[in-house]
Amino acid sequence: MATASDPWQGHDFAILFPVIIAGSLAGLGVLAFLGSRLTARARARRTAPAVWRDASLAAAGLALGLYVWGCLHVLFLEDQEQAEQCELHRPEGTPRLVGRRGDFIPLRLVCEASDGHDYSVVIPHYVNPSVAVLLLLALACGTASLLLHLGRRRAYASR
């Protein structure tokens, strides 16, 4: 068990496992909701704000799925395997390793070298940039949905 002052600690299992479970359940919930939006009845009542809302939820759900995918890469590695990954992917000219840490935002397993430099291993390199882009897309779509919804409310109120 790693202590708070231990330089060789990765992601805390007590946090990682609930994140994976909660993320998976939330992702399934988003998927179920979006699936319900594909019924004939729901398609007949579709509005522009609802389409943008659904696009926002789809982007957020994809981001969540990618984040959980990255967490799964860490979950199944023991401490020894994480250390081996640090050694295996150590850049040329990097001095000895002095520590390892796990970050949740951005999601990464960081190997720390004695010269102060660090590098990430295990988590696929596409996970964090993709999550960031998808969250920005979700925010943009959610904003569009909100603005369209407010515009419709004002139009109905002025009648």
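In this text the structure is predicted, and so the values were computed from the model without any measurement.

Q: Run through the side chain of Arg37, naming residues and quoting values.
A: Mapped onto the fold, Arg37 is located in the loop between helix H1 (13-36) and helix H2 (40-44). At 3.1 Å, the side chain of Arg37 and the side chain of Asp54 are in polar contact. When residues no more than four places from it in sequence are discounted, the contact partners of Arg37 are Ala42, Arg43, Arg46, Ala50, Arg53 and Asp54.

Q: Which residues make up the pairing of strand E2 (residues 107-113), and what are the values?
A: Side-chain direction in a regular strand flips from residue to residue, so the side chains alternate between the two faces of the sheet. Here E2 lies mainly inside the structure; five of its seven residues are buried. Where strand E1 (residues 97-104) lies against E2, seven bridges are found, and the strand directions are antiparallel. The residue bridging Leu97 from the neighbouring strand is Ala113, located in E2. Counted between consecutive antiparallel strands, the loop separating E1 from E2 contains two residues. Two elements, E2 and strand E3 (residues 118-121), share four bridges in a ladder whose sense is antiparallel. Looking at E3, one finds that Val110 is bridged to Ser120.

Q: Quick one: what's the story with the state of the cysteines, residue by residue and with numbers?
A: Under the counting rule described, the total for this entry stands at one disulfide. Between the sulfur atoms of Cys86 and its disulfide mate Cys111 the distance is 1.9 Å. Where Cys86 bonds to Cys111 through sulfur, the torsion about that S-S bond is close to -80 degrees, and the disulfide is left-handed. Here Cys86 is found in helix H4 (residues 79-88), whereas its partner Cys111 is found in strand E2, with 25 residues between them in sequence. Summarising the burial analysis for this pair, Cys86 and Cys111 share the class buried. Here Cys71 is not disulfide-linked; the sulfur of Cys111 is the nearest cysteine sulfur, at 17 Å.

Q: Lay out the environment of Thr94 in plain terms, naming residues and giving numbers.
A: Within the fold, Thr94 resides in the loop between H4 and E1. Judged by relative accessible area, Thr94 falls into the buried class, the value being 18%. Not counting residues up to four positions away in its chain, the partners in contact with Thr94 are Ala113 and Tyr119. Of note is the side chain of Thr94, whose polar atom sits 3.0 Å from the backbone oxygen of Pro91.

Thresholds applied
- Residues numbered from 1 in each chain as written.
- Predicted model: local features only at pLDDT ≥ 70, side-chain atom pairs only at ≥ 80, totals over all residues.
- Heavy atoms only, no water.
- Helix = DSSP H or I, 4+ residues; strand = E, 2+ residues; numbered from the N terminus.
- Polar contact = N/O pair within 3.5 Å; in protein donor to acceptor, adjacent residues only side chain to side chain.
- Contact = heavy atoms within 4.5 Å.
- Buried < 20%, exposed > 50% of the residue type's maximum accessible area, 1.4 Å probe, protein only.
- Pairing = 2+ DSSP bridges.
- Disulfide = S-S within 2.5 Å.

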